[in-house]
Amino acid sequence: MKKYLPLFLIEIYLLITLIIFYFGPIKYNIHNPLLFFTLMLIYHSFFIFGYVLACKLKSNKKKLASDKKFSNSNYWALFSFGFLGVWAAYKNIMLIDGIIPYDFFDNLIRGFTEPGLAYTERMMSLEAIQVSDSRLFNIFSLFFSFAKLLFIFYFLHFWEDLNRTKKTIAIIYSLFFISAGISAGVNSVIFIFFIFSSISLLVILYDRKYIHLKKILLLSGALFLIPIAWFGGIMSERGGGFEYFASTSPLGDISTSSSFNLHDTSSFIDFLYYSFVWLSYYVCQGYYGFSLILDLDLIWTYGFGNSEFLQRQLLMISGIDVSSITFQSRIDHLWGKSAQWHSFYGQFANDVGFIGLAFLLFLIAFFFAKVWKSVLQEKNFFGLALMPIFTIMFIFFPANNQIFGYIDTFSYFIFVTLLWFFNSKMKV
């Protein structure tokens, strides 16, 4: 049953998101409801079939002890490139021109005390300046951005091998990683860090058969309230009443039966409910966007339509702009292309179509199962390192294409997959 545990958890989670989408506190008028339900059924069926098939196929690999040992050179190399990536992300998010962020602590304090104001000022600055990407830096950063997250996995995996200095550096690195999200009032940085680090720790402990894993799971569940509460606090600072949901749909397809607002709360339970409703909107709104494109014809986007990041790189390198022919651009007047989320399904439909999505999900599940088998049978270090990035991919299925949509996660997925492949091939 260990082979099928990830499949079970993924399907339970995705089923819960569909239940919340259909019956949750926010009401959506689903377009093409029969086709939407049928496609969801097909997608999940192909995903399950791909995973089960990979598990059923026999493997010649025998169970091995992990041969991955702690290396000082690997630690410092990953830290150096990871820190460079974190610094570049901070610079981009905070829109600073120089190399040294002299107002780092002032911005951090304001982000803690006034996250809504920090976010608003950043968005105003973003609209007022012309952002120009460096082609050379973009190309170069693709080859080291994976270290941002891999360093986190590495120091968690070898925590007991680290001396006090290395542990302190790892903690400071982690704080700097999330500092941009706090300073700018941006939720995504904090969520990605929490999800990646939490899942990394859990799979590492699971792999080592840690006897107190159940207690760690309970603790992680309790700690998850922290980013949820932070998320709710930021949304309230932005003036996020529930009436906002209806305003995002020009067709009037979204409503809520509650006028509940954070300023009306009198208890922590009310605050968590407010945060949960907002979180459910963020996670599930992509399903609605997907329903809007189901009556549109496919215009192929050459494999770049699933990610605005990839579209920008294609435009920068070749001068070809496919962004205007994506499903998301064609429904921009009904569901904001950049302001709203459009789900993994809707974004990859640009490249493979609605039927092709089923086969894509089959391949993803097949590959995911092979990676998990390499963890169970070979103690493959890089297979274990792929588990948190896969988890982030699946968590954001209803919302967006999180992995291929951003350079950090895209780089991590590509390069750690290559490391896994060659590492697995070398084991007999």
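Residues numbered from 1 in each chain as written. Predicted model: local features only at pLDDT ≥ 70, side-chain atom pairs only at ≥ 80, totals over all residues. Heavy atoms only, no water.

A tally of regular secondary structure across the chain gives 18 helices and 2 strands. Taken across its 428 residues, the chain has 53% of its residues classed as buried. Sequence separation of at least 24 residues holds for 79% of the intrachain contacts in the chain that already meet a minimum separation of 6. Per element, the accessible surface of the chain, about 20,900 Å² overall, is 68% carbon and sulfur. (Helix = DSSP H or I, 4+ residues; strand = E, 2+ residues; numbered from the N terminus. Buried < 20%, exposed > 50% of the residue type's maximum accessible area, 1.4 Å probe, protein only. Contact = heavy atoms within 4.5 Å. Areas by Shrake-Rupley, 256 points an atom, 1.4 Å probe, with all protein chains shown as cover.)

An α-helix turns once every 3.6 residues. As a result, residues three or four positions apart point the same way. Between its first and last C-alpha atoms helix α17 (residues 381-395) spans 22 Å; for 15 residues at 1.5 Å apiece the expected length is 21 Å, and the two agree. Burial analysis of α17 places 13 of its 15 residues in the buried class, the great majority of the element. (Expected span 1.5 Å × (residues − 1).)

Empty space among the atoms becomes apparent when a probe as large as a water molecule is rolled across them. Taken as a whole, the second largest pocket spans an internal volume of roughly 860 Å³. In this structure, the second largest pocket is lined by 31 residues; those nearest its centre are L156, F193, S197, S198 and L201. Mapped onto the lining of the second largest pocket, the elements with two or more residues apiece are α7 (147-157), α8 (164-184), α9 (187-207), α10 (213-223) and α11 (225-237). A total of 8 residues in the lining of the second largest pocket trace back to one element, the largest contributor, which is α9. Class assignment of the residues belonging to the lining of the second largest pocket gives a composition of 23 nonpolar, 5 polar and 3 charged. (1 Å grid on protein atoms, 1.4 Å probe; cavity = no way out; pocket = protein on both sides within 12 Å on 5 of 7 lines; lining within 4 Å. Points joined across faces, edges and corners; volume = space filled by probe spheres on them. Nonpolar A, V, L, I, M, F, W, Y, C, P; charged D, E, K, R; others polar.)

Between helix α3 (residues 72-94) and α8, the shortest axis-to-axis distance is 10 Å and the interhelical angle comes to 15°. By the angle between their axes, α3 is roughly parallel relative to α8. You can see that α3 and α8 cross each other, and the crossing is left-handed. Here N72, Y75, W76, F79, G82, F83, V86, W87, Y90, I93 and M94 of α3 come into contact with α8, specifically with K166, I169, A170, Y173, F176, F177, S179, A180, S183 and A184. Classifying every residue of the contact of α3 with α8 gives 16 nonpolar, 4 polar and 1 charged. (Axes fitted to C-alpha atoms, helices over the stretch in contact; angles between N-to-C directions. Parallel < 35°, antiparallel > 145°, perpendicular 65-115°, else oblique. Left-handed = near helix turned anticlockwise from the far one by under 90°.)

Let us look at the environment of I216. You can see I216 is positioned in helix α10. Considering only alpha carbons, one finds I216 and L205, 11 residues apart in sequence, at a separation of 9.1 Å. Not counting residues within four places of it along the chain, the set of residues in contact with I216 comprises L202, L205 and Y210.

So, on to the environment of W372. Relative to the elements of secondary structure, W372 occurs in helix α16 (residues 343-378). Counting along the chain gives 15 residues from W372 to M387, while the straight-line C-alpha distance between them is 7.7 Å. Excluding residues that lie within four positions of it along the chain, W372 makes contacts with K2, K3, P6, Y51, Y206 and M387. In terms of polar contacts, W372 uses its side chain to reach the backbone carbonyl oxygen of K2, at 2.8 Å. (Polar contact = N/O pair within 3.5 Å; in protein donor to acceptor, adjacent residues only side chain to side chain.)

Let's shift gears to a nonpolar patch on the surface. Among the surface-exposed residues, L15, I19, Y22, F23, F37 and L41 lie close enough to one another that they form a single nonpolar patch of about 630 Å² accessible area. Taken together, the elements giving at least two residues each to the nonpolar patch come down to α1 (5-23) and α2 (33-56). No other element matches the 4 residues that α1 contributes to the nonpolar patch. You can see Y22 is positioned in helix α1. (Patch = residues over 30% accessible without salt bridge, like charges linked within 9 Å, V, L, I, M, F, W, Y side chains within 5 Å. Salt bridge = Lys/Arg side-chain N within 4 Å of Asp/Glu carboxyl O.)

What follows covers the nonpolar core. Ranked by internal contacts, the top residues of the largest apolar core, which has 128 residues, are Y43, F290, Y345 and Y412. Look past the residues within four positions of F290 in its chain and what remains in contact with it is F36, L39, M40, Y43, H342, S343, Y345, G346, F354 and L357. (Core = buried A, V, L, I, M, F, W, Y, C linked by side-chain atoms within 4.5 Å.)

Let us now look at the pattern of salt bridges. Opposite charge on two side chains lets them pair, provided their charged atoms get close. This model, assessed by the stated rule, comprises 2 salt bridges. With its nearest N and O atoms 2.7 Å apart, the salt bridge here joins K148 to D408. One end of the pair, K148, is in helix α7; the other, D408, is in helix α18 (residues 407-425), and 260 residues separate them in sequence. Note on K148: relative accessible area 6%, which makes it buried. Here D207 ties to K379 by a salt bridge, and the two come within 3.3 Å at their closest N and O atoms. Highlighted residues: D207 in helix α9 and K379 in the loop between α16 and α17, separated in sequence by 172 residues.

A word on the side chain of N423. One can find N423 in helix α18. Since its relative accessible area comes to 15%, N423 is described here as buried. Apart from the residues within four sequence positions on either side, N423 is in contact with N380 and F382.

Moving on, we come to the packing of aromatic side chains. Throughout the structure, instances matching the rule amount to 79 aromatic pairs. Ring geometry for F46 against F359: centres 5.3 Å apart, planes inclined by 75°, an arrangement best described as edge-to-face. Taken together, the residues F46 in helix α2 and F359 in helix α16 connect sequence positions 313 residues apart. With a relative accessible area of 27%, F46 lands in the partly exposed category. Ring centres of Y51 and F368 lie 5.8 Å apart, and the angle between their planes is 50°; this geometry places the pair in the tilted category. Of the two residues, Y51 is situated in helix α2 and F368 in helix α16; the sequence distance between them amounts to 317 residues. (Phe/Tyr/Trp six-rings, centres within 6.5 Å; stacked < 30°, edge-to-face > 60°.)

For the rest of this paragraph, the subject is unusual backbone geometry. The backbone of Y302 sits at a positive phi, close to 60°, despite the residue not being glycine. By secondary structure assignment, the location of Y302 is in the loop between α13 (268-292) and α14 (308-318). Its identity is not glycine, yet S343 carries a phi of approximately 70°, on the positive side. Within the secondary structure layout, S343 lies in helix α16. We classify S343 as buried; its relative accessible area is 0%.

Nothing here speaks to function; it is geometry throughout.
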